[in-house]
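The chain contents come next:
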Amino acid sequence: VMFLQSPFCLKVSVICKMPKEHPEETHYDAKFDRCDGVEFDAITPDEKGNIFFFKGDHLWKGFSGPAQLANGTFQELDEYHHLAHVDAAFRMHSKDEDEPQAHDHIFFFLDDMVFSYYQQTLEKGFPVNIQQVFPGIPSHLDAAVECPKRECTTNSVLFFKGSDVYSFDIKTKTVKKKEWNHLPNCTSVLRWVEHYYCFHGNNFTRFHPVSGDVSGAYPKDARHYFMTCPNFGHGEAHRKPRCKLDAITTDRMGKSYAFTGSMYIRLDTPRDGIHHFPITRSWKEVSGAVDAVFSYGDNMYIIQGGQIYIYKSAAHYTLIEGYPKSVTEELGIQGPVDAAFVCADQHVAHIIQGQKMIDIDLTATPRAVKSEASLPIHKVDAATCDSEGVKLFVGPEYYLYQTPKVLAVSKISPVAQKFPPRIFGCED
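- For the chain, the name recorded in an unreviewed UniProt entry is Hemopexin, with Electrophorus electricus as its organism.
- Check the Function (unreviewed entry) section of the UniProt entry for the chain; it says "Binds heme and transports it to the liver for breakdown and iron recovery, after which the free hemopexin returns to the circulation."

Quick look at the structure:
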């Protein structure tokens, strides 16, 4: 009786649950090992990009480390609701003009209640009924994930219950219900580096957040990708690539990529960590290593051998119809190409071949060579132009020039600088 009359229970009109009395309903084993295979109840990043994996009343922080009690990080979940599990969780990262107060909050769902946390502290007035915050969304959810408007039609949250998916528009608070029978029953869903993952059992399936379509060979074992486990892909035997780039570029949307061998990494998502992915993950028509990559306008140009692929830059890259074409047909030069770059708000592609840099006018039809210059560096692996200037990468080092014009007239190379391995996820 005294418990039911606690001020918090009366304030939010919630019937607080009594502690579990049966041994089988008490805490999970704190030594539970996710490398043995775990079906997670919920997965979510926090405002700093740290990813939490929930199972019962325990959680794991990040891709490595042991399980620990969830109430050690999110105290009120257990204090007010005697947490046995979390149904679903997601981080609201979008800065929607109609919901600015929700930016970087984490929402937890348990039965018919929702908790809102900011910097691991429960927001005043929570928990409340799900309908008060997300009208039209059912209780006892399986999973939830945010979908920003550059990846979905509007700033949205996707809620999963069985094969039903509820798309909740953050601005209008309207709901569209879909049925995705082709997906497994997602017990948790994670948006990570702009891709969406449905976790089921100890496996995951990547899907498109608008259509639910699955492309590629799925399901895959989560232990190869989302945790550090011995004898698995990112376990102790995993070696970082050597610090030698094949290409590097930044598109108009601010996405930065470095290519090495058949893999690439995102450079502008440090909160999600540095991870290597197959090039075919984002550019499925390109197999193997690339020679050069540059961005111009809304497009990304990938040069491989004597061919050039042009992709439309969007949430997911799409190959423009009619490509690939020959480098000669597209740029008016003969291959091969060692490196290439375009400076922001400029219309000239600087193509490096051996010790020569060729400038191509991208506004001309057909494309035309504007000028040629000899370089003081014999062999360039990759090149880019950013706010610091022009960087030419050779092995684990780079040479910095103030502008392309300075590079074109230079007779000697500047002092080489080592690029930090941690930035590119490589080793010397």
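## Side note on the packing of aromatic side chains
Moving on, step 1. One pass over the structure, following the stated rule, counts 47 aromatic pairs.
Moving on, step 2. Ring plane angle 70° and centroid distance 5.6 Å describe the contact between Trp 192 and Phe 277, whose orientation is recorded as edge-to-face. Here Trp 192, found in strand 14 (residues 188-192), pairs with Phe 277, found in strand 21 (residues 277-278); they are 85 residues apart in sequence, far enough to count as distant. Each member of the pair, Trp 192 as well as Phe 277, carries the same accessibility label: buried.
Moving on, step 3. A cation sits over an aromatic face here: Lys 220 above Tyr 218, 4.8 Å from the ring centre.
Moving on, step 4. Cation over ring: Arg 281 sits above Phe 277, and NZ or CZ is 3.9 Å from the ring centre.

## Some remarks on the sheet that holds strand 18 (residues 247-250)
Moving on, step 1. Read across the open sheet, the four strands follow the order 18-19-20-21; overall the sheet is antiparallel. At either end of the open sheet lies a strand with only one pairing partner, and these are strand 18 and strand 21.

## Examining the pairing of strand 31 (residues 382-386)
Moving on, step 1. Counting buried residues along strand 31, four of its five residues qualify, which places the element largely inside the surrounding structure.
Moving on, step 2. Where strand 31 folds back onto strand 32 (residues 389-394) in an antiparallel hairpin, the turn is made up of two residues.

## Some points on the nonpolar core
Moving on, step 1. With 54 residues, the main nonpolar core has Phe 226, Trp 283, Phe 294 and Ile 351 as its most contacted residues.
Moving on, step 2. Setting aside residues no more than four positions away along its own chain, Ile 351 makes contact with Phe 294, Leu 331, Ile 333, Val 337, Ala 339, Ala 340, Lys 356, Met 357, Ile 358 and Ile 360.
Moving on, step 3. Residues Ala 70, Met 92, Val 114 and Leu 141 belong to the second largest nonpolar core, which totals 34 residues.

## Some details on the sheet that holds strand 1 (residues 42-45)
Moving on, step 1. Strand order in this open sheet of four strands is 1-2-3-4, and the pairing throughout is antiparallel. Sheet topology places strand 1 and strand 4 (68-69) at the edges, where each strand pairs with a single neighbour.

## Section: the pairing of strand 3 (residues 58-61)
In the case of a regular strand, side chains alternate between the two sheet surfaces.
Moving on, step 1. As defined by bridge partners, strand 2 (residues 51-55) adjoins strand 3 across four bridges and the pair is classed as antiparallel. Pairing of Phe 52 across the sheet is with Lys 61, part of strand 3.
Moving on, step 2. Hairpin geometry of strand 3 and strand 4 is characterised by an intervening segment of six residues between the two adjacent antiparallel strands and by a positive phi of about 80° at Gly 62.

## Regarding the state of the cysteines
Moving on, step 1. One pass over the full model with this rule turns up four disulfides.
Moving on, step 2. Note that Cys 147 is cross-linked by a disulfide to Cys 152, the S-S spacing being 1.9 Å. Sign of the S-S torsion, about 95° for the bond between Cys 147 and Cys 152, identifies this disulfide as right-handed.
Moving on, step 3. Among the residues examined, Cys 147 registers a relative accessible area of 0% and is labelled buried.
Moving on, step 4. Disulfide partner of Cys 343: Cys 385, at an S-S distance of 2.1 Å. On the S-S bond that ties Cys 343 to Cys 385, the torsion sits near 100°, and the link is right-handed. Linking Cys 343 in the loop between strand 27 (339-341) and strand 28 (348-353) with Cys 385 in strand 31, this pair joins segments that are 42 residues apart in sequence.

## Here's the deal with the pattern of salt bridges
Moving on, step 1. Summed over the entire model, instances satisfying the criterion amount to 15 salt bridges.
Moving on, step 2. As a salt-bridge pair, Asp 338 and Lys 379 come within 3.6 Å of each other at their nearest N and O atoms. With Asp 338 in the loop between helix 4 (327-331) and strand 27 and Lys 379 in the loop between strand 30 (368-374) and strand 31, this pair connects stretches of sequence that are 41 residues apart.
Moving on, step 3. Under the relative-accessibility criterion, Lys 379 is labelled partly exposed at 42%.

## Focus on the environment of Ala 349
Moving on, step 1. Relative to the assigned elements, Ala 349 resides in strand 28.
Moving on, step 2. You can call Ala 349 buried: its relative accessible area is 0%.
Moving on, step 3. Taking C-alpha positions, Ala 349 is 9.5 Å from Val 369, a pair spaced 20 residues apart along the chain.

## Focus on the confidence of the model for the chain
Moving on, step 1. Within the chain, residue pLDDT values average 85, and 86% of them lie at 70 or more.
Moving on, step 2. The model gives residues 1-26 a pLDDT under 50, and that stretch makes 26 contacts with residues more than four places away or in other chains.
Moving on, step 3. Segment residues 234-238 is flagged for pLDDT under 50; beyond a separation of four residues in sequence, or across chains, it makes nine contacts in the model.

## Observations concerning unusual backbone geometry
Most peptide bonds adopt trans geometry, and most residues besides glycine take a negative phi value.
Moving on, step 1. With an omega dihedral of 5°, the bond running from Phe 126 to Pro 127 counts as a cis peptide bond.
Moving on, step 2. If you trace the backbone, Pro 127 turns up in the loop between strand 8 (121-122) and strand 9 (128-129).
Moving on, step 3. Geometrically, the link from Thr 365 to Pro 366 is a cis peptide bond, its omega value of -5° lying close to zero.
Moving on, step 4. Mapped onto the fold, Pro 366 is located in the loop between strand 29 (356-361) and strand 30.
Moving on, step 5. Look at Lys 173: it is not a glycine, yet its phi comes out positive at around 60°.
Moving on, step 6. If you trace the backbone, Lys 173 turns up in the loop between strand 12 (164-169) and strand 13 (175-179).

## Brief notes about the environment of Leu 407
Moving on, step 1. Mapped onto the elements, Leu 407 comes out in helix 5 (residues 404-409).
Moving on, step 2. Under the relative-accessibility criterion, Leu 407 is labelled buried at 0%.
Moving on, step 3. Look past the residues within four positions of Leu 407 in its chain and what remains in contact with it is Phe 341, Met 357, Leu 375, Val 390, Leu 392 and Tyr 401.

## Topic: the side chain of Ser 256
Moving on, step 1. Looking at where Ser 256 falls in the secondary structure, it is placed in strand 19 (residues 256-260).
Moving on, step 2. Given a relative accessible area of 13%, Ser 256 falls into the buried group.
Moving on, step 3. Excluding residues within four positions of it along the chain, Ser 256 makes contact with Thr 249, Thr 250, Ile 265, Arg 266, Leu 267 and Asp 268.

Thresholds, definitions, all that
- Residues numbered from 1 in each chain as written.
- Predicted model: local features only at pLDDT ≥ 70, side-chain atom pairs only at ≥ 80, totals over all residues.
- Heavy atoms only, no water.
- UniProt positions renumbered as here; feature names shortened; annotations may be inferred.
- Phe/Tyr/Trp six-rings, centres within 6.5 Å; stacked < 30°, edge-to-face > 60°.
- Helix = DSSP H or I, 4+ residues; strand = E, 2+ residues; numbered from the N terminus.
- Buried < 20%, exposed > 50% of the residue type's maximum accessible area, 1.4 Å probe, protein only.
- Lys NZ or Arg CZ within 6 Å of the ring centre and 35° of its normal.
- Pairing = 2+ DSSP bridges.
- Core = buried A, V, L, I, M, F, W, Y, C linked by side-chain atoms within 4.5 Å.
- Contact = heavy atoms within 4.5 Å.
- Disulfide = S-S within 2.5 Å.
- Salt bridge = Lys/Arg side-chain N within 4 Å of Asp/Glu carboxyl O.
- pLDDT = per-residue confidence, 0-100.

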